[in-house]
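Inside the fold
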Amino acid sequence: MASCSSLLQATRSRLLRVCYIPYRVPYDFGLRIQESLVQRRAESRSVLRKAGVQHATASLADLPMDLHGHVRTARTDYLLLLEHTPVYTLGRRDDSAAIGAAMSAPNVDIFQTKRGGLLTYHGPGQLVGYPILDLGLLKLSTRCYVATLQDILRRSLANEAIQLATINSPSEDSKYTGVWTQPNRKIASIGVQVQHRVTSHGFSLNVHEEALEGFRKVVACGLPDVQLTCIDEQLSWLGRPNMHLSVMDVAKIVSDEFVKSLGYHIDTTNFADYESIEKSDGSHVLSKVLLEHVPIASTA
């Protein structure tokens with residue numbers, strides 16, 4: 001069987017739209033954005049199937065104009081990069097022991113999700129990435145995709161702007177999926193969902209110490225002997241406490257590595273617009289997303 005690396009080398013260059021959402025995103029809103037993008041893709045695939053068109057190999061020059069948009073939608077992948085408002089999310093695996101502790105945390109939402117894994121936390125100071133990708137077009141199995149996400153995050157942390165060393169996961173048990181700086185220190189988590197070969201959910205990378213607050217009350221990922229760490233904490237331990245990277249700085253590094261690792265061409269057009277509302281603490285929370293001037297999700 002071909003390795004993950006050989007499969008990636010065989011992948012043709014494809015289009016990736018990177019969405020840096022500049023406002024904090026409530027978890028349920030982020031979920032609706034993902035679901036909308038996945039649904040748009042499914043609807044275009046359905047139209048093309050009924051027309052007898054293979055979206056992976058179709059040439060636009062050979063198709064009527066009314067199908068061109070459906071082919072582009074079926075082929076275009078997305079990478080959503082954002083910060084969430086505070087939230088605990090539960091994966092498909094039973095984690096009832098963690099629910100009680102999560103429920104005692106003030107002003108933190110709790111959501112059941114369809115991703116893999118156990119309970120985790122998302123909040124300000126943490127970069128969350130939601131890739132909406134067609135694994136069939138990328139020629140990747142789900143297992144190789146998860147391994148690729150781990151490699152992308154590890155290479156991002158090794159980038160010259162950060163220069164953090166990471167280690168292999170301490171165990172092959174799925175609970176240890178993620179990125180580790182030491183055998184008992186985890187800096188990034190991965191939990192994905194794949195439906196009809198299209199991915200959603202994704203990864204979270206702790207950037208600032210603020211991101212660690214939500215982990216203090218719970219046993220994250222079902223690992224009682226493991227502590228979560230972040231980029232700022234690791235840099236401080238390495239004697240570089242004044243090297244401050246914003247979440248957006250790290251998002252740019254991760255997206256660049258994503259493009260290099262998966263052989264994408266990045267779409268630099270202004271295809272998405274965002275609206276926000278200002279909260280009493282001065283932060284701005286996402287309220288509407290427009291894709292090519294069409295609303296795809298809003299808080300209304």
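Everything quoted here is computed from the prediction, not taken from an experiment.

Within the fold, T85 resides in the loop between β2 (77–82) and β3 (87–90). In this structure T85 touches R24, V25, P26, Y27, H122, G123, P124 and V285, once residues within four positions along its chain are discounted.

In this section: the sheet that holds strand β12 (residues 272–278). Strand order in the open sheet made by the three strands is β12-β13-β14, with antiparallel pairing throughout. In the strand order of this sheet, the two ends are held by β12 and β14 (294–298), each with one partner. Between one strand axis and the next, the sheet turns by 30° as a mean value, whatever way the strands run. Summarising the sheet, β12 and strand β13 (residues 284–291) pair through seven bridges and their orientation is antiparallel.

Right, let's talk about the packing of aromatic side chains for a bit. With the rule as written, the count across this model stands at five aromatic pairs. Taking 5.5 Å as the distance between ring centres and 75° as the angle between the ring planes, the aromatic pair formed by Y121 and F215 counts as edge-to-face. Pair noted here: Y121 is in strand β5 (residues 120–122) and F215 is in the loop between β9 (198–206) and β10 (227–228), with a separation of 94 residues, a long-range link. Each member of the pair Y121 and F215 is classed as buried.

Right, let's get into the pattern of salt bridges. Tallied over the entire structure, the rule returns seven salt bridges. The shortest N-O distance in the salt bridge between R45 and D134 comes to 2.3 Å. Of this pair, R45 sits in helix α2 (residues 27–50) while D134 sits in the loop between β6 (126–132) and α5 (135–138); the two residues are 89 residues apart in sequence, bridging distant segments of the chain. For the pair shown, R45 and D134 are each scored as buried.

So, about helix α6 (residues 142–158). Helix length check: α6 (17 residues) gives 25 Å between terminal C-alpha atoms against 24 Å at 1.5 Å per residue, within 8%. What α6 keeps buried is the set C144, Y145, V146, T148, L149, Q150, I152, L153, S156 and L157.

Within helix α3 (residues 68–75), burial applies to H68, V71 and A74. Across the axial projection of α3, the buried residues extend over an arc of 130°, all falling on one side. Residues of α3 that are buried in the fold lie against α2 and α5.

On to the nonpolar core, then. Of all hydrophobic cores here, the largest spans 38 residues; its most connected members are I231 and F258. For this core, the secondary-structure elements that each account for two or more residues are β1 (14–20), β2, α5, α6, β8 (185–195), β9, α7 (231–237) and α8 (247–262). A per-element tally of this core places α8 first, with eight residues. Beyond its immediate sequence surroundings of up to four residues, I231 is in contact with L157, I162, L164, I187, L205, N206, V207 and V250.

So, on to the sheet that holds β5. If you walk across this open sheet you meet the three strands as β4-β3-β5, and the pairing is mixed. In this open sheet, the two edge strands, each paired with only one partner strand, are β4 (109–112) and β5. Adjacent strand axes in the sheet meet at a mean angle of 25° when their direction is disregarded. Bridge analysis of β3 against β4 gives four bridges, and the strand direction is parallel. By the bridge assignment, T89 is partnered in β4 with F111.

A few words on the environment of P241. With respect to the secondary-structure elements, P241 resides in the loop between α7 and α8. Overall, the relative accessible area of 55% leaves P241 in the exposed class. Apart from the residues within four sequence positions on either side, P241 is in contact with L235 and S236.

Interhelical geometry of α6 versus α8 gives an angle of 130° and a closest axis separation of 9 Å. When the interaxial angle is binned, α6 and α8 end up oblique. When the axes of α6 and α8 are compared, the crossing they make is right-handed. In contact with T148, L149, I152, L153, R155 and S156 of α6, α8 contributes I253, V254, E257, F258, S261 and L262.

Glancing now at the packing of α2 against α3. Between α2 and α3, whose axes approach to 8 Å, the crossing angle comes to 130°. By the angle between their axes, α2 is oblique relative to α3. Crossing of α2 against α3: the hand is left-handed. Counted together, R40, R41, S44, R45, V47 and L48 of α2 and H70, V71, T73, A74 and R75 of α3 form the full contact between these two elements. Across the contact of α2 with α3, the residue classes tally to four nonpolar, three polar and four charged.

Here is what the cut-offs are and how they apply
- Residues numbered from 1 in each chain as written.
- Predicted model: local features only at pLDDT ≥ 70, side-chain atom pairs only at ≥ 80, totals over all residues.
- Heavy atoms only, no water.
- Helix = DSSP H or I, 4+ residues; strand = E, 2+ residues; numbered from the N terminus.
- Contact = heavy atoms within 4.5 Å.
- Pairing = 2+ DSSP bridges.
- Axes fitted to C-alpha atoms, helices over the stretch in contact; angles between N-to-C directions.
- Phe/Tyr/Trp six-rings, centres within 6.5 Å; stacked < 30°, edge-to-face > 60°.
- Buried < 20%, exposed > 50% of the residue type's maximum accessible area, 1.4 Å probe, protein only.
- Salt bridge = Lys/Arg side-chain N within 4 Å of Asp/Glu carboxyl O.
- Expected span 1.5 Å × (residues − 1).
- Arc of directions from axis to C-beta.
- Core = buried A, V, L, I, M, F, W, Y, C linked by side-chain atoms within 4.5 Å.
- Parallel < 35°, antiparallel > 145°, perpendicular 65-115°, else oblique.
- Left-handed = near helix turned anticlockwise from the far one by under 90°.
- Nonpolar A, V, L, I, M, F, W, Y, C, P; charged D, E, K, R; others polar.

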